[in-house]
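Chains, contacts and geometry: an overview
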Amino acid sequence: QVQLVESGGGLVQPGGSLRLSCAASGFTFSSYAMSWVRQAPGKGLEWVSDINSGDGYIYYAHSVKGRFTISRDSAKNTVYLQMNSLKPEDTAVYYCNADKKSPVRVIYWGQGTQVTVSS
């Protein structure tokens, strides 16, 4: 059974930090690129960051570059998102996503974790 379980969300003041975790099971973690995607209240999905399988290449959305850091631990089948200098506009539900493009496109989603940045 495939599972992506996010944790680490919560309420934090502006300028604060949180670390999100996404624990994966039921599939070959090392074969999948891992991403974080968020959805702010009343808005659509926004891609935040991803980290490739294999070469581990990393990408960030412009809105979070320099503040967020994505990483993956293959021994623990877990991907992390370290979020620093948080802003109210970072408030959203954060979803973890696993994506394998070949030979057949396969995408798995977690259930999400709420991050609220407010004073």
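The structure contained in this document is the topic of the report that follows. Fair warning: this is a prediction, and the values are worked out from it, not measured in the lab.

Applying the stated criterion across every chain, the model contains 1 disulfide. Covalent S-S linkage joins C22 and C96, the inter-sulfur distance amounting to 2.1 Å. Classification of the bridge connecting C22 and C96 rests on its S-S torsion, roughly -75°, and on that basis the disulfide is left-handed. Of this pair, C22 sits in strand β3 (residues 18-25) while C96 sits in strand β9 (residues 92-100), and the two are 74 residues apart along the sequence. Relative accessible area serves as the criterion here: at 0%, C96 is assigned to the buried category.

This part covers the sheet that holds strand β7 (residues 68-73). The strands making up a sheet associate through backbone hydrogen bonding, with each pair oriented either parallel or antiparallel. Read across the open sheet, the 4 strands follow the order β1-β3-β8-β7; overall the sheet is antiparallel. Pairing within the sheet leaves two strands with one partner each, and these edge strands are β1 (3-7) and β7. Going from strand to strand, the sheet's axes swing by 15° on average, the running direction of each strand aside. With 5 bridges connecting them, β1 and β3 associate as antiparallel partners. By the bridge assignment, L4 is partnered in β3 with A24.

Next up on the list: the side chain of K100. Among the structural elements, K100 can be located in strand β9. Within polar-contact distance, the side chain of K100 engages the backbone oxygen of S102 at 3.2 Å. Residues within four places of K100 in sequence aside, it is in contact with S31, Y32, R105 and V106.

Attention now goes to the environment of I107. Relative to the helices and strands, I107 is located in strand β10 (residues 106-109). Residue classification places I107 among the partly exposed positions, given a relative accessible area of 38%. On a C-alpha basis, the gap between I107 and M34 in space is 9.7 Å, while along the polypeptide they are 73 residues apart. Apart from residues no more than four positions distant in its own chain, I107 is found in contact with N97, A98 and D99.

Procedures and definitions
Every chain's residues receive numbers from 1 upward, in the order its sequence appears when written. At least 70 in pLDDT is required for a residue's local features to be given in this predicted model, at least 80 for side-chain atom pairs to be given and counted, and no such filter applies to totals for whole chains, interfaces and linings, which use all residues. By convention in this description, side-chain values take in all heavy atoms of the structure and omit both hydrogens and water. Any two cysteine sulfur atoms within 2.5 Å of one another count as a disulfide. Note on conventions: DSSP H or I runs of at least 4 residues are helices, E runs of at least 2 residues are strands, and numbering of each starts at the N terminus. A 1.4 Å probe rolled over the protein chains alone gives each residue an accessible area, and that area as a share of the maximum for its type sets the label: buried under 20%, exposed over 50%, partly exposed in between. What makes two strands pair is DSSP finding at least two bridges between them. Axis lines are fitted to C-alpha atoms, over the contacting stretch for helices. Their N-to-C directions set the angle, which ranges from 0 to 180 degrees. For the purposes of these results, a polar contact is taken to be a pair of N or O atoms within 3.5 Å, where, inside protein, one atom must be able to donate a hydrogen and its partner to accept one; residues adjacent in sequence count only when each atom of the pair is a side-chain atom. Whether two residues are in contact is decided by their heavy atoms, any of which lying within 4.5 Å being enough.

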